[in-house]
Amino acid sequence: MMTENQMGPTLITFQIAANPPPRLDKALGRDVPDDAALSRSRLARLIADGAVAIDGQVVTDPRFRISEGAQVAVTVEEAVESHIGAEDITLEVVFEDEDLIVINKPPGMVVHPAPGTPEGTLVNALIHHCGDSLSGVGGLKRPGIVHRIDKDTSGLLVVAKSDRAHHHLADQFADHTVERRYIAICYGVPEANDPRLRGIKGTSFEPGNILKIQTQLGRHRTDRQRQAVSFTVGRHAVTRARILEPLGTPPVAALIECWLETGRTHQIRVHLAHCGHALIGDPTYGSRRKMSPKALGEAGVAAVAAFPRQALHAATLGFVHPVTEEFLEFEAPLPADMQALLAAMGAAV
């Protein structure tokens, strides 16, 4: 049950069901009403803040052993203003309702403020754009970031405007049920008949000439800004890619579609570089390669050499709406810079 004062905290009350987990935090995570939309991490903070009472007594120890039938009262204070400043930055809004917003992010925009980029980010722009429609995420009036794309990657992002949306969207990303497809331009042509590719550990081909790259990913041992492929440590990562169009005569590059079974930092960029097909323009994982004027023409070679960012665009995003439970899918066309690069390379699309 939830009761709410107009200008005050919300009180959430419920009873612990049979066979509860031994720890308070896990028991609350299991039994808290779905419409409260409190994630386990948020519940842990509420316990620590003294906002949880068991049978009338405040409990701040997450390891407290709770019993079946215990009466729980959780006090959730009204969301307070975020310390992140609002900035009037133009956004391309693809979809918006009271729970979430889908944005087509331009290249060059950082998603979240950090020490090196405290302003001019997507979050700064969203705080301004959404205004009072932000009901609060994690106790703050801020947008809930459930996934990110790199600064110089363009494309689609979904952002939560409420705690209930944040909770359910985060679960979908954690369960890898969100549909995400990217369009990229890479060096070389990742074809199944290339014997070199078949000799690279972690790479294989599935029916339909689909390249599968399966490794572990973790921080680079010496450069903390980079990710690196490993087969002993790190997090499991799987990327698939297929050729949309070979580029050049003879082909020296390719327009490809990539999709993720997992979503790790820099995953597509690291995986494609690992198998020798780094993204054109990638300043971190791809070295500038000499391209053949005979294959691409002088204009194509110049366009590849001058392209200033990784040629990667988050083109498709699909997920279940956290409130209506409707499956939503969105597409964003290639940005102008990638269209111009493809045209210079002689692409037919």
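The rules behind these values
Residues numbered from 1 in each chain as written. Predicted model: local features only at pLDDT ≥ 70, side-chain atom pairs only at ≥ 80, totals over all residues. Heavy atoms only, no water. Phe/Tyr/Trp six-rings, centres within 6.5 Å; stacked < 30°, edge-to-face > 60°. Helix = DSSP H or I, 4+ residues; strand = E, 2+ residues; numbered from the N terminus. Lys NZ or Arg CZ within 6 Å of the ring centre and 35° of its normal. Buried < 20%, exposed > 50% of the residue type's maximum accessible area, 1.4 Å probe, protein only. Pairing = 2+ DSSP bridges.

A. Structural detail: the packing of aromatic side chains. Enumeration over the complete set of coordinates arrives at 2 aromatic pairs. With centroids separated by 6.1 Å and ring planes inclined at 35°, the aromatic side chains of Phe-319 and Phe-330 adopt a geometry described as tilted. One end of the pair, Phe-319, is in strand E18 (residues 312–320); the other, Phe-330, is in strand E19 (residues 327–331), with 11 residues separating them in the sequence. Following the ring pairs from residue to residue traces out a cluster consisting of Phe-95, Phe-319 and Phe-330. Across the ring face of Trp-259, the terminal group of Arg-181 is positioned such that the distance to the ring centre comes to 4.3 Å. The residue whose ring lies beneath Lys-201 is Phe-231, and the NZ or CZ to ring-centre distance is 4.5 Å.

B. Region of the structure containing the pairing of strand E11 (residues 154–160). Most of E11 sits inside the fold, with 7 of its 7 residues counted as buried. The pairing of strand E10 (residues 144–145) with E11 spans 2 bridges and is antiparallel. For Gly-144, the partnering residue across the bridge sits in E11 and is Ala-160. Note: E11 against E18, 2 bridges, orientation parallel. Paired with Gly-155 across the two strands is Ala-314, which belongs to E18.

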